[in-house]
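Structure assessment
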Amino acid sequence: MSQVVDIEHCDLDIKNNNNSHHTGQYEEERLIVRRGQPFNIILHLKADSKEFKTAKSNFTFIVETGPVPRKESDTKASFGLSESIVATDWSASATNDPSGNKVTVSICSSPDAPIGVYSLTLDQEGKKTALGKFTLLFNAWCHRDAVYLHSETKRQEYVLEQCGQIFRGTHKRIKGTPWNLGQFEAGILDICLKILDVSPESLDDPDKDCSARRNPIYVTRVLSAMINSNDEGGVLVGNWEDYTGGVNPGLWIGSGEILRQWDATGPVRFGQCWVFAGVACTVSRALGIPCRVVTNFGSAHDTDANLVIENLYDENGERLSGGDSVWNFHVWVDSWMTRPDLGSEFDGWQASDPTPQETSDGVFCCGPCPLRAIKEGELTKKYDAPFIFAEVNADIVDFVQLTSGKIVKFSGSTTAVGRFISTKAIGSDERHDITHKYKYSEGSEEERRVYEKAQHHNKLQQRGEEPGLRLKIKLADNMIVGSDFEVNAVLTNNCMDTRTCTFLFFARAVSYNGRRGAGCGFASDKVEVPSGEERRLPLKLRYDSYGSVITSDRLIQLSAIAIDKQTIDYNKAEKTIVLDEPDLQIKLVGDVKLNQSVMAELSLLNPLPETLKDCSFTVEGVGLTGGKPITKKIGAVEPKQEAKASIEFSPARAGSSVLMVNFDSNKLQNIKNSINVVVEE
């Protein structure tokens, strides 16, 4: 006969289970497990209950997730006790304690079960007992899971690491900026699940959406759309101009504050590409998908999908309107997963981009697309391969429109797009170059083969010393924001005869996404250049000209044009410079101990020849500042004087962390630094 036992209570053994499932860092007192891996619960029997015997038991466990759990959708499963658990499906086995009053049950989920919050119920011949709830995540430690990563060091970095580095600047001046991912902070996991719950896919068909959450491809694509607010309900509003009514994107130093604000009040103002990517990485890691933030320097935005960035100028070197652009840098994420929809050769890193640029299937999202498809020019592979291929591989062609209306091609590049593609190195804050994962080396036979496969057209001549005029821009050694400095345009004549040219050199402020601002310098000359010689055109960049027009990115675009109207020979050189920022000094006073106050002394020298107003320092760190930033306003700082502040915080968690610091003012923004902190017990 079957046996029915009376259960006094169920112990979910949260601490031991969470530790074995690599979820012990979540600041939640609840059971969080990864799929395809067993977890144990302990059933405490009532004192007068009969002794439990596995052979006589009639235990059926029921797990359910989502608003309409159904077996057909794999959002509901029922399973009994087996001699041992089965690694390929939901299963359970039991061990009787010698005392006879408790039973340890080992439960294993299916390695492709939908992620989410589950209820667990025990059914004994119709007598149902609610045992509790648990949250199920993707599992990079389970080789049957679609996100399995074979390397433990990679799992530690791409799933468990909470402190990131996002690289920005230009390909000549790359700088890492710390970003607090904070995927284990209190409340963040529930917010990440809420993002899925309020997506249009979930609202349209909750059953279908919940069932599809077994698939990291589907989840990543939904996140790509939901991290931006261009379509309904997303997290961040993108803005590249006026930040009135919101936060300058350069002020964010982590994902937690953004996600909590979205949870409380809806779409958060404002984000730009690195902010979108930082939040996407946090959400992906929180859900168990291995993820890294990637920066592409010289990133093409190809609006007409012809794999060519076409720039049109008038005879004076002024750019005419056009939809294509090249961003100084652009940031997205790579996520690790298999691609059974495309074939095993496309398994591995998949690029996806939550920054709203172009629509995909009518929605502002992009990816996931296998890096292998991008590298091999397989532009028919899902999702959005042509757009991402162009971001790292497009050719640039410059045209001039003469007063007669004739359009003449005068320069271009096959190498300016897709440089120094960067991500944080495993186990350190150093830059790891992954350009070779996205493309073959420039000029190689493989690269040419890929271009042909991708039907790349309008090839330009290979770089080399060919006859003609050559134009380049030389920079100064020290270009510190607030200083005056000189740059030079250099025109070399490699022709057999003397050339007479109109020489133009101008500077203008520019945003990191290529948006051109006001001019801040101009020089011109008419030069005669004998064969084999060069001429220089200097341009003095003064702070009183550029200081009022540059953005918080501190970028200036230099453009030089040489025009030989006699031979209709146009040459152009362009370079974007990033001005050096002052050093932000961080000093911790005294020992750093758990639950004891620590003082951070912060300082920064004002390099500008004018007063900084509304100055403030902000600090934040996982386990250091209570899950939220601490800001101290210090008012005005005179020219060449130090901005100083002391901020007190009390660490709530022992071990290693990172204290991130941001300085903000009316004239100087996006000044960041960080310091490693070891909190003693």
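Please refer to the structure placed before this passage.
These remarks concern the structure in this document. (Residues numbered from 1 in each chain as written. Predicted model: local features only at pLDDT ≥ 70, side-chain atom pairs only at ≥ 80, totals over all residues. Heavy atoms only, no water.)

On to the overall build of the chain. Along the backbone of the chain there are 13 helices and 36 strands. Relative to its length of 681 residues, the chain is compact, with a C-alpha radius of gyration of 29 Å against a globular reference of 26 Å. When the 681 residues of the chain are sorted by exposure, 55% land in the buried category. Restricting to contacts in the chain with at least 6 residues of sequence separation, those with at least 24 account for 66%. Total accessible area on the chain stands at roughly 28,300 Å², and carbon and sulfur atoms take up 46% of it. Between the averaged position of the 76 positive side-chain charges in the chain and that of its 93 negative side-chain charges there is a distance of 1 Å. (Helix = DSSP H or I, 4+ residues; strand = E, 2+ residues; numbered from the N terminus. Rg over C-alpha atoms; globule rule 2.2 N^0.38 Å. Buried < 20%, exposed > 50% of the residue type's maximum accessible area, 1.4 Å probe, protein only. Contact = heavy atoms within 4.5 Å. Areas by Shrake-Rupley, 256 points an atom, 1.4 Å probe, with all protein chains shown as cover. Lys, Arg positive; Asp, Glu negative; His and termini not counted. Charge placed at Lys NZ, Arg CZ, Asp CG, Glu CD.)

A separate point is helix H3 (residues 188–197). Judged by how many residues are buried, H3 sits mostly within the fold: seven of ten residues are covered. Ile188, Leu189, Ile191, Cys192, Leu193, Ile195 and Leu196 are the residues of H3 that are buried.

Looking now at a negative patch on the surface. Residues Glu201, Asp204, Asp205 and Glu232 make up a contiguous surface patch of negative charge. Secondary-structure assignment places glutamate 201 in helix H4 (residues 200–204). (Patch = residues over 30% accessible without salt bridge, like charges linked within 9 Å, V, L, I, M, F, W, Y side chains within 5 Å. Salt bridge = Lys/Arg side-chain N within 4 Å of Asp/Glu carboxyl O.)

The end-to-end C-alpha distance of helix H8 (residues 273–286), which contains 14 residues, comes to 20 Å, matching closely the 20 Å that a straight helix rising 1.5 Å per residue would cover. Of the residues one or two after H8, glycine 288 is the one with positive phi, at around 100 degrees. (Expected span 1.5 Å × (residues − 1).)

A word on the sheet that holds strand S5 (residues 76–80). An order of S2-S9-S8-S4-S5 is seen for the five strands of this open sheet, with the pairing classed as mixed. Pairing within the sheet leaves two strands with one partner each, and these edge strands are strand S2 (32–34) and S5. With strand direction ignored, the average angle separating the axes of adjacent strands in the sheet is 35 degrees. Of the pairings in the sheet, the one linking strand S4 (residues 59–65) to strand S8 (residues 116–124) comprises seven bridges and is antiparallel in character. Each bridged residue has a counterpart across the sheet, and for phenylalanine 59 the counterpart in S8 is glutamine 124. Where H3 meets the sheet, it contacts S2, S8 and strand S9 (127–137), and its direction lies at approximately 90 degrees from that of S9. (Pairing = 2+ DSSP bridges. Axes fitted to C-alpha atoms, helices over the stretch in contact; angles between N-to-C directions.)

Time to look at the nonpolar core. By size, the foremost hydrophobic cluster in this structure holds 92 residues, and its most contacted members are Ile258, Trp274, Val283, Leu287 and Tyr438. Considering each element in turn, this core owes the most residues, ten residues, to H8. Those residues in contact with isoleucine 258 that lie beyond four places of it in its chain are Trp179, Val235, Leu236, Trp252, Val268, Val275 and Val279. The next biggest cluster of nonpolar side chains, apart from the first, holds 57 residues, and it includes Leu469, Val527, Ile577 and Val661. (Core = buried A, V, L, I, M, F, W, Y, C linked by side-chain atoms within 4.5 Å.)

What follows covers the environment of cysteine 615. Along the chain, the position of cysteine 615 falls in strand S32 (residues 612–620). Judged by its relative accessible area of 1%, cysteine 615 is buried. Along the sequence, cysteine 615 and aspartate 664 sit 49 residues apart, while their C-alpha atoms lie 5.6 Å from each other.

It is worth spelling out the pattern of salt bridges at this point. Summed over the entire model, instances satisfying the criterion amount to 34 salt bridges. Linking lysine 127 and aspartate 6 is a salt bridge whose minimum nitrogen-to-oxygen distance equals 2.8 Å. Linking lysine 127 in strand S9 with aspartate 6 in the segment before strand S1 (7–11), this pair joins segments that are 121 residues apart in sequence. Residue aspartate 6 is classed as partly exposed on the basis of its relative accessible area of 28%. Where aspartate 580 meets arginine 173, a salt bridge forms, and the shortest distance between an N and an O atom there is 2.0 Å. Of this pair, aspartate 580 sits in the loop between strand S29 (569–578) and strand S30 (584–589) while arginine 173 sits in strand S11 (residues 173–180); the two residues are 407 residues apart in sequence, bridging distant segments of the chain. You can call aspartate 580 buried: its relative accessible area is 18%. A residue is classified by how much of its surface remains accessible, and arginine 173, at 36% relative accessible area, is partly exposed.

With that out of the way, let us pick up the packing of H3 against helix H7 (residues 256–265). At a minimum axis separation of 10 Å, H3 and H7 run at an interaxial angle of 60 degrees. When the interaxial angle is binned, H3 and H7 end up oblique. When the axes of H3 and H7 are compared, the crossing they make is left-handed. In contact with Ile188, Ile191, Lys194 and Ile195 of H3, H7 contributes Gly256, Leu259, Arg260, Trp262 and Asp263. (Parallel < 35°, antiparallel > 145°, perpendicular 65-115°, else oblique. Left-handed = near helix turned anticlockwise from the far one by under 90°.)

Applying the stated rule across the entire model yields 24 aromatic pairs. Ring centres of phenylalanine 79 and tryptophan 90 lie 5.9 Å apart, and the angle between their planes is 20 degrees; this geometry places the pair in the stacked category. Of this pair, phenylalanine 79 sits in strand S5 while tryptophan 90 is found in the loop between S5 and strand S6 (91–96), placing the two residues eleven residues apart along the sequence. Aromatic pair phenylalanine 410 and tyrosine 570: ring centres 6.0 Å apart, planes at 55 degrees, arrangement tilted. Note that phenylalanine 410 is positioned in strand S20 (residues 407–413) and tyrosine 570 in strand S29, a separation of 160 residues in sequence. According to the relative accessible area criterion, phenylalanine 410 is buried, its value standing at 11%. Residue classification places tyrosine 570 among the buried positions, given a relative accessible area of 5%. Joined through ring pairs, the aromatic side chains of Phe39, Phe59, Phe61, Phe79, Trp90, Tyr118 and Phe134 make up one cluster. In this structure, lysine 194 packs its charged tip against the face of tryptophan 262, placed 5.2 Å from the ring centre. (Phe/Tyr/Trp six-rings, centres within 6.5 Å; stacked < 30°, edge-to-face > 60°. Lys NZ or Arg CZ within 6 Å of the ring centre and 35° of its normal.)

Where burial is concerned, most of strand S25 (residues 499–510) is hidden: ten out of the twelve residues are buried. Pairing of S25 with strand S26 (residues 516–529) involves eleven bridges; the strand directions are antiparallel. Paired with threonine 500 across the strands is glutamate 528, a residue of S26. Between the antiparallel neighbours S25 and S26 lie five residues, among them glycine 514 with a positive phi of about 90 degrees.

Attention now goes to the sheet that holds S25. Taken in spatial order, the four strands of this open sheet run S26-S25-S28-S29, and their pairing is antiparallel. Of all the strands in the sheet, the pair left with one neighbour each is S26 and S29. Shown here is a sheet whose adjacent strand axes are inclined to one another by a mean of 15 degrees, direction ignored. Where strand S28 (residues 555–564) lies against S29, ten bridges are found, and the strand directions are antiparallel. Along S29, the bridge assignment pairs alanine 560 with alanine 573.

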